[in-house]
Amino acid sequence: MKKLYDTIVVGAGHAGSEAAYISSQMGGKTLLITMNLQNIAQMSCNPAMGGVAKGQIIREIDALGGRSAYVSDLSAVQFKMLNRSKGPAMWSPRAQSDRMLFSAIWRKELEKQKNLDFCQAMVNDLLFENNKISGVVTSIGTKFYSKTVILTNGTFLNGLIHIGEKNYGGGRTGEQASFGITKSLEHIGFSSGRMKTGTPPRVDGRSLDFNIMEVQPGDENPGKFSFSDEVKPLKSQLDCFLTYTNKTTHDILKSGFDRSPMFNGSIKSIGPRYCPSIEDKINRFADKERHQIFVEPEGWDSIEYYINGFSTSLPEEIQEKALKKIQGFKNAKIIRPGYAVEYDYFPPTQLKKSMETKIISGLFFAGQINGTTGYEEAAAQGLMAGINANLYVNRNKPFILRRSDAYIGVLIDDLITKGTDEPYRMFTSRAEFRTLLRQDNADLRLSEKAHSLGLIGEKRLQQLISKKESINKLIAFYDKTSISPKEVNFILEEKGLAELKQPQKISKLYSRPNIYISDLFKVPKISSFIKSKNLNKEIISQAEIQTKYSGYIDKELKNVEKMNRLEGLKIPKGFDFNSMKSLSNEAKEKLMHISPTTLAQASRISGVSPSDISSILVKIGR
């Protein structure tokens with residue numbers, strides 16, 4: 001029988017899992033096809049979620065109804081808030097995960113979805129009908145039909161694994177590559193490229209001497225990713241450890257360079273700039289005498305450790321010899337060697353803002369197929385592709401996040417507007433409105449939007465409304481309540497700050513750089529108000545940030561208003577940039593290729609100048 005699905009998701013990594021989850025949650029009849037159902041949401045590389053800017057993305061996924069934060073919290077073995085010494089715009093949550101538990105919990109979450117079917121198979125062809133997607137074909141010729149297809153193939157498209165001078169087909173160690181999809185897409189007009197990523201060796205923890213490494217514990221009072229009360233913070237944690245490479249390590253690694261696929265021409269594609277292999281690091285930074293190596297546990301009950309910072313594709317014997325010269329690794333036993341993998345990707349300028357392709361209606365791409373790197377970036381794309389595939393099926397407008405809405409909006413806009421020729425990684429520096437896009441306020445920014453789409457339930461919405469009201473009441477208290485010199489000068493004196501000579505509003509006092517709620521809680525007037533309202537740590541912290549940094553926040557909101565005015569200036573569909581003599585040839589080429597939908601998007605394209613934007617404004621009659 002010809003069974004018709006609303007959405008078929010190809011691949012069950014982080015992008016595919018989020019896409020399948022949200023598609024079925026929204027009521028779409030969904031099929032998840034993957035080559036191995038035992039490896040759903042596999043942590044192919046490091047056993048961790050979050051980090052700088054990535055932690056913000058995970059919290060945004062949670063605020064939008066996705067499941068990555070929930071799964072991360074339930075499988076975490078350690079939690080840290082990074083960049084605490086900097087301002088709150090830079091604070092980034094990160095959780096060390098139990099690799100096997102993470103995958104098992106994700107599979108359970110997917111299996112709970114009544115609208116979701118599973119199939120273990122390799123997809124090697126796509127079905128089209130009048131420039132629309134109509135289904136997929138497996139390697140044994142089985143056809144599945146659907147209104148939309150989301151491709152989340154990770155590193156499997158024509159994947160090639162390198163270890164020294166050896167190479168073989170594979171998407172990750174122990175798993176075969178996927179063939180056919182690239183050829184199918186190229187045949188109908190898509191352009192593709194090749195990228196490379198890598199992973200370090202895994203080592204038997206019983207063979208390491210942790211006593212001579214630096215202990216890296218989790219936070220004393222750990223937080224969590226999810227805003228939901230379904231999960232609680234960790235009560236116990238595992239330690240990570242820090243050690244360093246040295247000159248001897250570097251010399252051994254260099255001795256294998258002639259057999260390194262990085263340097264002998266075997267690898268021709270571009271790897272991640274911000275997560276280079278150890279051989280690339282010692283080659284590019286020859287003046288550095290050592291590099292950090294983080295030793296991370298793979299789980300609560302696992303002997304396996306991930307050697308973060310030692311990603312390599314050198315011959316296995318060189319890996320082992322070099323590792324043993326690192327402090328604490330004298331007797332190290334490698335369980336799995338490091339390797340590099342090359343794979344096909346499709347430049348993301350071929351996508352619309354909804355993650356739907358421009359060439360084929362109903363076909364969506366998400367994850368490393370778009371040239372990104374990282375679980376978090378992939379999960380975010382999968383979530384947005386899943387949402388928009390459902391909206392497409394039901395003939396609703398796509399759900400688009402602006403750059404001022406979320407890091408997810410920045411990620412997608414960067415990809416479709418600027419493209420990428422190297423694995424894209426999110427950083428706080430990529431977001432021009434990062435003071436607004438903090439990890440602490442992702443629910444305040446996004447959860448009402450999620451509720452309007454049916455992505456989160458009424459209970460969670462009411463919790464959010466109650467939270468907002470409590471925050472606003474506390475901020476109003478700070479704005480309206482004065483504090484006398486007698487009440488606060490003892491605190492200012494302790495901190496070596498100028499004392500008050502007359503009463504001052506609490507919000508004004510908060511603007512001082514070294515005054516925090518931990519100080520002001522010593523003032524009875526403040527502590528009694530907070531206790532009487534039964535306010536939790538999250539509300540107190542949010543009110544503090546909004547009060548303390550109100551000047552910066554207001555300034556960014558004004559900049560957002562300016563940008564949104566440009567976003568409101570639409571460029572007519574099919575606009576002929578080539579007909580404009582005033583545009584440079586580079587601008588014409590880029591504009592015709594990307595087809596921006598607004599003046600703001602056009603202004604962010606590399607090679608398009610302010611004078612080009614002015615010319616377009618005149619041409620469209622504004």
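To start, this report covers the structure provided alongside it.

Interhelical geometry of helix α9 (residues 375-393) versus helix α10 (residues 407-418) gives an angle of 90 degrees and a closest axis separation of 10 Å. One way to sum up the angle between α9 and α10 is to call them roughly perpendicular. Counted together, Glu377, Ala380, Gln381 and Met384 of α9 and Ile408, Leu411, Ile412 and Leu415 of α10 form the full contact between these two elements. Taken together, the residues that form the contact of α9 with α10 break down as six nonpolar, one polar and one charged.

This part takes up the nonpolar core. Judged by nonpolar contacts, the single largest core of 92 residues is most densely connected at Leu151 and Ile408. Looking at this core element by element, the count peaks at 10 residues for α9. Filtering out sequence-adjacent residues up to four positions away, Leu151 remains in contact with Val10, Leu126, Ile181, Leu185, Leu363, Phe364, Phe365, Ala366 and Ile369. Counting 27 residues, the second largest nonpolar core, distinct from the first, contains Val488, Ile506, Ile517 and Ile539.

Before going further, it helps to examine the sheet that holds strand β14 (residues 214-216). Strand order in this open sheet of six strands is β14-β15-β16-β17-β13-β18, and the pairing throughout is antiparallel. Strands at the two margins of the open sheet, each flanked by one partner only, are β14 and β18 (334-336). In this sheet, neighbouring strand axes are inclined to one another by 35 degrees on average, regardless of whether the strands run parallel or antiparallel. For strand β13 (residues 202-204) and strand β17 (residues 304-308), the ladder comprises three bridges, and the chain directions are antiparallel. Note that in β17 the partner of Asp204 across the bridge is Glu304.

Another point: the side chain of Ser354. Mapped onto the elements, Ser354 comes out in the loop between β19 (339-345) and β20 (363-365). Of the residues examined, Ser354 reaches a relative accessible area of 6% and is grouped as buried. Filtering out sequence-adjacent residues up to four positions away, Ser354 remains in contact with Phe364, Met384, Ala385, Asn388, Pro398 and Ile400.

What counts, and at which threshold
Residues numbered from 1 in each chain as written. Predicted model: local features only at pLDDT ≥ 70, side-chain atom pairs only at ≥ 80, totals over all residues. Heavy atoms only, no water. Axes fitted to C-alpha atoms, helices over the stretch in contact; angles between N-to-C directions. Helix = DSSP H or I, 4+ residues; strand = E, 2+ residues; numbered from the N terminus. Parallel < 35°, antiparallel > 145°, perpendicular 65-115°, else oblique. Contact = heavy atoms within 4.5 Å. Nonpolar A, V, L, I, M, F, W, Y, C, P; charged D, E, K, R; others polar. Core = buried A, V, L, I, M, F, W, Y, C linked by side-chain atoms within 4.5 Å. Buried < 20%, exposed > 50% of the residue type's maximum accessible area, 1.4 Å probe, protein only. Pairing = 2+ DSSP bridges.

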